[in-house]
Number of protein chains: 2
Amino acid sequence: VNQSLIAQAQLKLDNKTKPPGSLGRLEEFARRMAAISGVMVPDTSKKVIFTFAGDHGIVEEGISLYPSEVTAQMVFNFLNGGAGVNVLARHSGVEVRVVDVGVDHDFGETPGLIHRKVARGTRNFAQGPAMTREEALAAMQVGIDLADQCKAEGVALVGTGEMGIGNTSPSSAIIAAISGLGVRELTHRGTGINNAALENKIRVIEQGLTLNSPDTQDPLDVLAKVGGLEIAAIAGLVLGCAANSIPVVIDGFISTAGALIASELHPNVRDYIFAAHRSVEIGHRVMLERIGAAPILDLDLRLGEGTGAALAMGLIEAGVKVMKEMATFDEAGVSH
Amino acid sequence: VNQSLIAQAQLKLDNKTKPPGSLGRLEEFARRMAAISGVMVPDTSKKVIFTFAGDHGIVEEGISLYPSEVTAQMVFNFLNGGAGVNVLARHSGVEVRVVDVGVDHDFGETPGLIHRKVARGTRNFAQGPAMTREEALAAMQVGIDLADQCKAEGVALVGTGEMGIGNTSPSSAIIAAISGLGVRELTHRGTGINNAALENKIRVIEQGLTLNSPDTQDPLDVLAKVGGLEIAAIAGLVLGCAANSIPVVIDGFISTAGALIASELHPNVRDYIFAAHRSVEIGHRVMLERIGAAPILDLDLRLGEGTGAALAMGLIEAGVKVMKEMATFDEAGVSH
């Protein structure tokens, strides 16, 4: 990112009618948006969240409250504008684009859906690798392609989101493999499972890690063996946004698993990442520390889809508006 | 507030297409907005922040970086739409109304300003009482009147804001008097004073408390002796909003001092309060604990004016939209 623009941006902010630094993280958002985009006051009118949907073979181990069918059902809910991410994105002036990267359902010609299915879900990683390396790379390419398209369209800010019944399990597995911490310290209740189901979930994830023994020095191997298609697409989106100088807002636990893969592959992508919020999922904190991102919101969210990203994008845009719209001391005739 | 509506609201939220409780505090906002307004899905189109301006005699003790003239200068900045609160309120779809309740400046006919001046600033509370009890009551009445007017206009959500050079000192004095904690533990750098100035500020506040010895069992006595006209108006606004069943979002340290006076007078007002954010000012946490309010945002803000309230009002409205716009499981054909 353009470091000289960070200093220039702060100079400009310090001429605004307020004590220096008094708008706290809003000023950070304004500085970073300038440095990432290369423009002091980027035009933030185009903002897009990509909600990637994929299914998970691991669901057959009974690790989720909901059946896999819900993934496809929720895709239709997204397309109809009735899901949480739709409501919150509309509120923040953000467009939601829904991508089938791996749902176990034949959507046919379904209009409005971005059709990029790599496979009808992952395989059960408690019994073998979730994906081949080729499948993982193909799913990453989906995210990269969409980031390239955003650059061509002039999108100022991208958000990540996901839908995939069972996808907190691969996310816990990814951070366990990469951090070396125990699965138990990194695994929570997902959509709300009880104690017995949580014990089973921990056991299943541990079994998958032992069986597949992913190469912890090879993020792609981790992604392929215990990850997910939507997680791979998010990793690709983050890489693609960084390559195109587009700031990217990562949502919660699952999105951060994707961003973590991207940042392990190319540490420089961290400069392009905003962490939307602190998830209720206990493994999330460890991921964010490893990426070096401070969450913007802490609202006890655990829905995913891009809901936290939608809210945080509104706050980041507010920071840019501070830079753009606030009067300077001279303009306002205020003593300083 | 209507407790039965809280339970009904949660039932309605639990039918939305999401795991129960997964939208965390957004669901809390939706429940509380229903319970306070008495309407399951209140119309949130009208939202208003009142920015009360007043000057402080204590400034002659050298407790602020900025001269008192800045208070009036900033009033013109608010009226011209160039201040931080204007930018952030526009972003959140909130109207800003600026009230002169005690600025040491003759505004004449200045259009757009709400003229309710009680006095040309407080007196120096290091030398004697800041206000008479009558002045404090008159300034409170300004806030009460404006809340009544909001009820008549159908305003769904009110925010508090303030401008008054020197007003972190009376705020620290108020929480010190009410909590019994030491001034040093409750006093911070305001707009950014250095160590020597901070020591002076602590000494001046301690001197004012010793000299005036406010009756700590009488919130009005505390307000009059060491408070401020804009702080009194905020206390009145909070009381008036509660009396009119209007939810009120309190901004940072100074606004919370006003809300604290209101909640000490009538503990029930706490049910109507949303705390916008956690201020950098160290006394703020103690105030919020005493009121029993959990801050919505934590963005290192310390500008005041209503800037934090503007951002939080957007998030509270997002909670209401979750209730209003999200599809139910049945509507969306999603299994549960």
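Predicted, not measured: the structure shown is a model, and the values here were computed from it. (Residues numbered from 1 in each chain as written. Chains lettered and ligands numbered in written order. Predicted model: local features only at pLDDT ≥ 70, side-chain atom pairs only at ≥ 80, totals over all residues. Heavy atoms only, no water.)

### A word on the domain arrangement of chain A
Residue and element names in this part refer to chain A. Threshold: Segmentation of the chain into domains, including their bounds, is taken from an automatic or database domain assignment. Once two parts are brought into contact, the accessible area they lose, counted with a 1.4 Å probe and summed over both, makes up the buried area. The working definition used for a salt bridge is a side-chain nitrogen of Lys or Arg within 4 Å of a carboxyl oxygen of Asp or Glu.
Domain boundaries in chain A define domain 1 (3–41 + 322–332) and domain 2 (47–315). One C-alpha centre belongs to domain 1, the other to domain 2, and the line joining them spans 32 Å. Between domain 1 and domain 2 the total buried area reaches about 840 Å² when both faces are included, carbon and sulfur atoms providing 64% of it. The interface formed by domain 1 and domain 2 holds zero salt bridges in total.

### Some remarks on the sheet that holds strand 2 (residues 95–102) of chain A
Residues and elements named next belong to chain A. Heads up, the condition is: Strand pairing is assigned whenever DSSP identifies at least 2 bridges connecting the two strands. Each helix is a run of H or I in the DSSP string that is no shorter than four residues. Each strand is a run of E no shorter than two, and both are numbered from the N terminus.
In spatial order, the strands read 3-2-1-4-5-6; together these six strands make up an open sheet with parallel pairing. Lying at the two open borders of the sheet, with one neighbouring strand each, are strand 3 (114–115) and strand 6 (273–275). Two strands pair when backbone bridges link them, and strand 2 and strand 3 are joined in this way by two bridges, in the parallel orientation. Note on strand 3: the bridge partner recorded for Asp100 is His115.

### A closer look at the pairing of strand 4 (residues 157–163) of chain A
All names here are of chain A. The condition is simple: Here the term buried applies to any residue with accessible area under 20% of the maximum for its type, exposed to any over 50%, and partly exposed to those in between, with areas from a 1.4 Å probe on protein chains only.
Of all seven residues in strand 4, seven are buried; the element is thus mostly enclosed. The alternating pattern of strand 4 places Leu157, Gly159, Gly161 and Met163 and Val158, Thr160 and Glu162 on opposite faces, both of which are buried. Relative to strand 4, strand 1 (residues 47–54) runs parallel, the two being bridged by seven bridges. Following the sheet pairing, Ala53 is matched in strand 4 by Met163. Both strand 4 and strand 5 (residues 248–250) contribute to a ladder of two bridges, which runs parallel. Directly across from Val158, in strand 5, lies its bridge partner Val248.

### Considerations on the interface of chain B and chain A
Much of the literature gives interface size as the accessible area that the parts lose upon coming together. Applied cut-off: Should any heavy atoms of two residues lie within 4.5 Å, those residues are considered in contact. For this scheme, ten residues count as nonpolar: Ala, Val, Leu, Ile, Met, Phe, Trp, Tyr, Cys and Pro. Four count as charged, namely Asp, Glu, Lys and Arg, and the remainder, Gly too, count as polar.
With 50 residues of chain B in contact, the opposing surface of chain A contributes 50 residues. Roughly 4000 Å² of surface becomes buried between chain B and chain A when both sides are summed, with 65% attributable to carbon and sulfur atoms. Together, His91(B), Leu299(B) and Leu303(B) form the three largest contributors to the area buried by chain B at its contact with chain A, with a combined 14%. Run the count over chain B and chain A and you get two salt bridges. For Arg90(B), the salt bridge goes to Glu325(A), with nearest N and O atoms at 2.9 Å. Among the secondary structure elements, those contributing two or more residues to the side of chain B that touches chain A are helix 2 (24–37), helix 3 (69–79), helix 4 (84–92), helix 12 (307–325) and helix 13 (329–332) of chain B. No other element matches the nine residues that helix 12 of chain B contributes to the side of chain B that touches chain A. By residue class, the composition of the side of chain B that touches chain A is 26 nonpolar, 15 polar and nine charged.

### Considerations on the packing of aromatic side chains
Residue and element names in this part refer to chain A. Heads up, the condition is: Pairing of aromatic rings covers Phe, Tyr and Trp, the last counted by its six-membered ring, and requires centre-to-centre distances within 6.5 Å; plane angles under 30 degrees mean stacked, over 60 mean edge-to-face, and any other angle means tilted.
In total, this model carries six aromatic pairs over all chains according to the counting rule given. For the pair Phe29 and Phe274, a centre-to-centre distance of 6.1 Å together with 80° between the ring planes defines the contact as edge-to-face. Taken as a pair, Phe29 in helix 2 (residues 24–37) and Phe274 in strand 6 lie far apart in primary sequence, 245 residues in all. By the burial criterion, Phe29 is buried, and Phe274 matches it.

### Things to note about the pattern of salt bridges
Overall, the coordinates contain 32 salt bridges over all chains when judged by the stated rule. For the salt bridge of Asp145(A) with Arg116(A), the shortest nitrogen-to-oxygen distance reads 3.0 Å. One end of the pair, Asp145(A), is in helix 5 (residues 133–153); the other, Arg116(A), is in the loop between strand 3 and helix 5, with 29 residues separating them in the sequence. Overall, Arg116(A) belongs to the partly exposed group, its relative accessible area being 29%. We note a salt bridge from Arg285(B) to Glu289(B), for which the minimum N-O separation is 3.0 Å. Of this pair, Arg285(B) and Glu289(B) both sit in helix 11 (residues 283–291), separated by four residues, roughly a single helical turn. Judged by its relative accessible area of 44%, Arg285(B) is partly exposed. For Glu289(B), a relative accessible area of 54% translates into the label exposed. Overlapping salt bridges, with partners in common, bring together Glu95(A), Arg97(A) and Glu153(A) in one network.

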